[in-house]
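The chain contents come next:
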Amino acid sequence: MKHLSLSLVFCVAFLCVSASADSLDPRAPHVVDSAVPMKVKPFPLEQVQLLDGPFKAAQDRELGYLLQIEPDRMLARFRKNAGLEPKGEVYGGWEKMQIAGHSLGHYLSGCSLMYASTGDPRLKEKVDYIVKELAECQDAGKDGLVSAIPEDRRLFGEISRGDVRTEGFDLNGYWVPWYTLHKEFAGLIDAYRYCDNKQALDVAKRLGDWAIEITKNLDDALFEKMLKCEHGGINESLADLYAITGEKKYLDLAERFYHHAVLDPLSQGVDNLPGKHANTQIPKIIGLARLYELTGKESYRKTVEFFWDRVVNHHSYATGGNSMDEHFGQPDKLNDRLNNQTTETCNTYNMLKLTRHLYCWTGDEKYAAFYERAIYNHILGSQNPDDAMVTYFVPLKSGMFKTYSTPFDNFTCCHGTGMENHAKYGDSVFYRSKDEDGTDVIHINLLIPAELDWKEKGIKVRLTTDFPSSSKFYVEMIRPEHSQIKIVWEGRPESWGYIRSQMLALTIPKTNPETKITNEFDADILRLRTESMPDNPDRIAVFYGPVLLAADLGPIDEPNVEIPVLLTAEKDPQKWIKKVSDKPLVFETVDVARPKQVKLIPFYEMHHRRYAVYFDRFSQEQWQQREELLRKQREEEERLEKLTIDRLRIGEMQPERDHKLTGEKTDSGEAFGRKWRHATDGGWFAFEMKVDPRESQKLVCTYWGGDGGNRTFDVLVDGEKIATQKLDRNAPDKFFDVVYELPEKLIQGKEKITVRFQAHPNNMAGGLFDCRILKQEQ
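Given the structure is predicted, the values throughout are model-derived calculations rather than measurements. (Residues numbered from 1 in each chain as written. Predicted model: local features only at pLDDT ≥ 70, side-chain atom pairs only at ≥ 80, totals over all residues. Heavy atoms only, no water.)

**A look at the overall build of the protein**
For clarity, the cut-off: Secondary structure elements are taken from DSSP: a helix is a run of H or I of four residues or more, a strand is a run of E of two residues or more, and numbering for both begins at the N terminus. All radius of gyration figures rest on C-alpha atoms, and the globule criterion is 2.2 Å times the number of residues raised to 0.38. Only protein chains enter the accessibility calculation, which uses a 1.4 Å probe; a residue whose area is less than 20% of its type maximum is buried, one above 50% is exposed, and one in between is partly exposed. In what follows, residue pairs with any heavy atoms lying within 4.5 Å of each other are defined as contacts.
Scanning the protein from terminus to terminus reveals 20 helices and 32 strands. Relative to the 2.2 N^0.38 estimate, which gives 28 Å for 778 residues, the radius of gyration of the protein is 28 Å and therefore close to what a compact globule would have. Considered along the principal axes of its C-alpha atoms, the protein spans approximately 100 × 70 × 45 Å. Counting over 778 residues, the protein shows a buried share of 59%. Sequence separation of at least 24 residues holds for 70% of the intrachain contacts in the protein that already meet a minimum separation of 6.

**Quick look at the side chain of Asp-770**
So the rule is basically this: Nitrogen and oxygen atoms within 3.5 Å of one another constitute a polar contact, given that in protein one can donate a hydrogen and the other can accept it, and given that sequence-neighbouring residues count only through two side-chain atoms.
Structurally, Asp-770 is set in strand 32 (residues 765-775). Looking at Asp-770, the relative accessible area reads 6%, which means it is buried. Separated by 3.1 Å, the side chains of Asp-770 and Arg-647 make a polar contact.

**Here we look at the nonpolar core**
Applied cut-off: By nonpolar core is meant a set of buried Ala, Val, Leu, Ile, Met, Phe, Trp, Tyr and Cys residues that side-chain atoms within 4.5 Å join together.
The biggest cluster of nonpolar side chains holds 177 residues, and the ones touching the most others in it are Trp-178, Leu-354 and Phe-430. Residue contributions to this core peak at ten residues, all from helix 7 (residues 177-195).

**Topic: the packing of aromatic side chains**
So the rule is basically this: Any two of the Phe, Tyr and Trp rings considered here, Trp counted by its six-membered ring, make a pair once their centres fall within 6.5 Å; the pair's planes then place it as stacked at under 30 degrees, edge-to-face at over 60, or tilted in between. Whether a charge sits over a ring comes down to the Lys NZ or Arg CZ being within 6 Å of the ring centre and within 35 degrees of the ring normal.
Under the criterion given, the structure shown has 32 aromatic pairs. Between Tyr-703 and Phe-736, the aromatic rings sit 5.8 Å apart at their centres with planes inclined by 45°, giving tilted as the arrangement. Taken together, the residues span a long stretch of sequence, with Tyr-703 in strand 27 (residues 697-704) and Phe-736 in strand 30 (residues 735-741) at a distance of 33 residues. We classify Tyr-703 as buried; its relative accessible area is 0%. With relative accessibility at 16%, the residue Phe-736 sits in the buried group. What links up through ring pairs into an aromatic cluster is the set Phe-685, Phe-687, Tyr-703, Phe-713, Phe-736 and Phe-757. Looking at Arg-756, its charged tip hangs above the ring of Trp-684, at a distance of 4.0 Å from the centre.

**Brief notes about the packing of helix 7 against helix 8 (residues 198-215)**
As a reminder, the rule being used: Axes here mean lines fitted to C-alpha atoms, for a helix over just the part in contact, with angles spanning 0 to 180 degrees between N-to-C directions. To sort the angles, those under 35 degrees are grouped as roughly parallel, those over 145 as roughly antiparallel, those from 65 to 115 as roughly perpendicular, and the leftovers as oblique. Crossing handedness: left-handed means the near helix sits turned counterclockwise from the far one by under a right angle, and right-handed means the same turn made clockwise.
Relative orientation of the contacting elements helix 7 and helix 8 amounts to 150°, with a least axis distance of 7 Å. In terms of their interaxial angle, helix 7 and helix 8 are classed as roughly antiparallel. Judged by the twist between their axes, the crossing of helix 7 over helix 8 is left-handed. Where helix 7 abuts helix 8, its residues Trp-178, Leu-181, Glu-184, Phe-185, Leu-188, Ala-191 and Tyr-192 lie against Lys-198, Ala-200, Leu-201, Val-203, Ala-204, Leu-207, Gly-208, Trp-210, Ala-211 and Thr-215.

**Details of the side chain of Asp-271**
Inspection of the secondary structure assignment puts Asp-271 in the loop between helix 12 (260-267) and helix 13 (278-295). Looking at Asp-271, its side chain comes within polar contact range of the side chain of His-315, at 3.0 Å. With near-sequence residues (within four places) excluded, Asp-271 lies in contact with Phe-306, Arg-310, His-315 and Pro-331.

**Comments concerning helix 10 (residues 234-245)**
To keep it simple, the criterion reads: In this scheme, a helix's expected span is set at 1.5 Å multiplied by one less than its residue total.
Here helix 10 spans 17 Å end to end across twelve residues, near enough to the 16 Å set by a 1.5 Å rise per residue. Among the twelve residues in helix 10, twelve count as buried, and that is most of the element. Taken as a whole, helix 10 has its buried residues at Ile-234, Asn-235, Glu-236, Ser-237, Leu-238, Ala-239, Asp-240, Leu-241, Tyr-242, Ala-243, Ile-244 and Thr-245. In this structure, the buried residues of helix 10 make contact with helix 7, helix 8, helix 11 (248-256), helix 13 and helix 15 (345-362).

**Here's the deal with the confidence of the model for the protein**
Heads up, the condition is: Across the chain, each position has a pLDDT score giving the predictor's confidence in that residue, from 0 to 100.
With 92% of its residues at a pLDDT of 70 or more, the protein has an overall mean of 90. For residues 1-23, every residue scores under 50 in pLDDT, and the model assigns this stretch 69 contacts once sequence neighbours within four places are set aside.

**Focus: the pairing of strand 15 (residues 536-544)**
To be explicit about the condition: Note on pairing: DSSP must find at least two bridges between two strands before they are called paired.
Buried residues dominate strand 15, accounting for seven of its nine residues. Sheet topology note: the strand 14 (residues 528-533)/strand 15 ladder contains six bridges and is antiparallel. Its bridge partner lying in strand 15, Leu-528 is registered against Tyr-544. The antiparallel hairpin formed by strand 14 and strand 15 contains two residues in its connecting segment. When strand 15 meets strand 23 (residues 615-618), the two strands line up antiparallel, connected through two bridges.

**Remarks on helix 5 (residues 121-141)**
The terminal C-alpha atoms of helix 5 lie 30 Å apart, and with 21 residues this matches the ideal 30 Å at 1.5 Å per residue to within 8%. What helix 5 keeps buried is the set Leu-123, Lys-126, Val-127, Ile-130, Val-131, Glu-133, Leu-134, Ala-135, Cys-137, Gln-138 and Gly-141. Looking one or two places after helix 5, you find Lys-142, whose phi comes out positive at around 75°.

**Quick word on unusual backbone geometry**
A cis amide bond links Phe-467 to the next residue, Pro-468, at an omega of 10°. In this structure, Pro-595 follows Arg-594 across a cis peptide bond, with omega equal to 10°. Relative to the elements of secondary structure, Pro-595 occurs in the loop between strand 20 (593-594) and strand 21 (599-602). The phi dihedral of Thr-343 is positive, around 50°, even though this residue is not glycine. Structurally, the position occupied by Thr-343 is in the loop between helix 14 (298-314) and helix 15. The phi torsion at Lys-660 lies on the positive side, around 55°, for a residue other than glycine.

**Observations concerning the environment of Arg-206**
Position of Arg-206 relative to the elements: it lies in helix 8. For Arg-206, a relative accessible area of 27% corresponds to the partly exposed category. C-alpha separation for the pair Arg-206 and Val-561, spaced 355 residues apart in sequence, amounts to 56 Å. Setting aside anything within four residues of it in sequence, one finds Arg-206 in contact with Gln-138, Asp-139 and Gly-144.

**Comments concerning the pattern of salt bridges**
A side chain of one charge can pair with a side chain of the opposite charge if their charged atoms are brought near each other. Quick note on the threshold: A side-chain nitrogen of Lys or Arg and a carboxyl oxygen of Asp or Glu constitute a salt bridge if their distance falls within 4 Å.
Under the criterion given, the structure shown has 54 salt bridges. Among the ionic pairs, Glu-133 bridges to Arg-79, the shortest N-O distance being 2.8 Å. Taken together, the residues span a long stretch of sequence, with Glu-133 in helix 5 and Arg-79 in helix 3 (residues 76-81) at a distance of 54 residues.

**So, the state of the cysteines**
Convention followed: Note on terminology: disulfide denotes any pair of cysteine sulfur atoms within 2.5 Å.
Using the criterion set out here, one finds zero disulfides in the structure. Cysteine Cys-413 shares no disulfide, and the gap to the nearest cysteine sulfur, in Cys-346, comes to 3.6 Å. Accessibility expressed as a relative area gives 4% for Cys-413, which makes it buried. Looking at the unpaired Cys-414, the closest cysteine sulfur is the one in Cys-346, lying at 3.4 Å. Classification of Cys-414 by relative accessible area gives buried; the value is 1%.

Below, the structure is given as structure tokens:
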């Protein structure tokens, strides 16, 4: 076996080659060729098999979960809407709500992707069965519509007649119906792409024809009004239908799903994202990227590139994730936007999809680098290693912990994308291009153990590594004789923790007679580094190369966790962090952390523990000031406790029992490190509070200042209204208190009162985060 020397390539020129219609899936049959050249192309997913490592383990867990899902339960509402008898009980979570059916689309995609990744025939059986059942439902419905959306034909009948009403998250009172249909479209197209199910394409085309018919009478103003309601990436699916079939009617409708109010400012280089629901926007941009590939319209490309830059470089955290409370904030203002609802996992799923488009167009290393950041630090760490369940949010506030969905009663958007995330890790490990002299180039884009079988060329490449534990990786290649091939590892910038930024390349000339070659590469020594918040240089995250590290703060059932800070003026973390010698990816601080030193591990390995990923750094003088501030905070808490007659820790089981809480259409949960309770759709909740009949008092309620929408409610005491409260982003990104004076007549002669929060019709009451009865201060 011959060992060839390693060469360093400081720059590389790519030849623009013609691309297939679906640049991100070369295997998919298509009619329409791409209108723009691609610098690099991915390999078909079924040609890449993962090898042992953390990504393969995540894939295997996801495979086990996908096989547990019962298709008949996913199909229950589809059959009911078609007038057919359901064969199973509908699953829980969002599948019991107006968004029903979105999970089936994700499940179709997840099974199709996993079939391409593993070849497991059980997955194809599930896909084929679901498609057959959808076709039966479509036949029974007669008009082409097949959906699980309640009262779907009544809803879309109104739309067809020009009766369009929306407040953003509803369309004529129904929750995001085009969004739901996009998931179904995408699942059907994936079933066609990856499982060669031609019936799936037929169902998708008939559904597309129905969509054309439903919207044909809407003028531009009504169509734009309709697009105010979240509609997912319906433009992407319609563009894919055009590419596959060549029928321009689908392209025409795809381009009508252009939301001018959002996309026009972006096309002019205006960052209009602050305050917008993040994952409403990203799929629109993915669809625009697909439309650019099919039409060549430069305005589409300009918009896509600007959006990607703003999200990645001005609205994203250390994980590569973005948003808090599902919304974008002000650009480069992230320091105060840390809570337990940061970085929605759906958003990162979609940003990775978008990034693949941009990387194919340009071959630019910055896109590969972002992909590496997000897939390691968010997506890989979003799966529970115990049961394959997934996160909705990945909290980044210190002291938080990850929470996961449940298998059968928690179907949400992120549960849906989670069924896809861990089924397609192989789709971006290898790419291909041609060099200037026509040499085939295989790009190693991610250091994930995997084997490529490039069947058309008779070439096999096996990549083995235990990266990031080691920067070494090994490439074994089998190729036909008398063919020249170049294998390239995409370099990374020094700022990402690699000592060198050069690209590493291995070229095997035609004259080499051997067909099996093994070579050792070295991505060079990884180093510890820090990244600061854009608006606070002293709030930092710690990385080892591209891998985000997190401090282990103890078990999740310990709520009073001490948040570590760093007391050092030294910027270089290699001076105050050291490796634990017998563990390759375990580190610990040295003499800088307060109140005690902390252990650091990769964030993707952090599960079922409280953690910190951002650390505040202080000088000695700053730390003294911080201690003084903490002292004042403790004094204020003591003062408040002295004034408190009664306090309800809302959302906690025993305190709510003690206060005899009752209600209708009410629910509770946790956000921003605190419990909450609200009532929906005109509902209410009520509880008893102690009072002192001898002196005047006030009711103090704590709300989250970022809550808005339809949240108008009355506050009543023993049946008498004392206030009407409206929550409309009153104090963005922080809690705020509202004081309600208690009239003397309502507490005179009483030791208890009943406080009731009553939502107005079609509104919510709350969320309420805390409630106290306080004495009036003298």
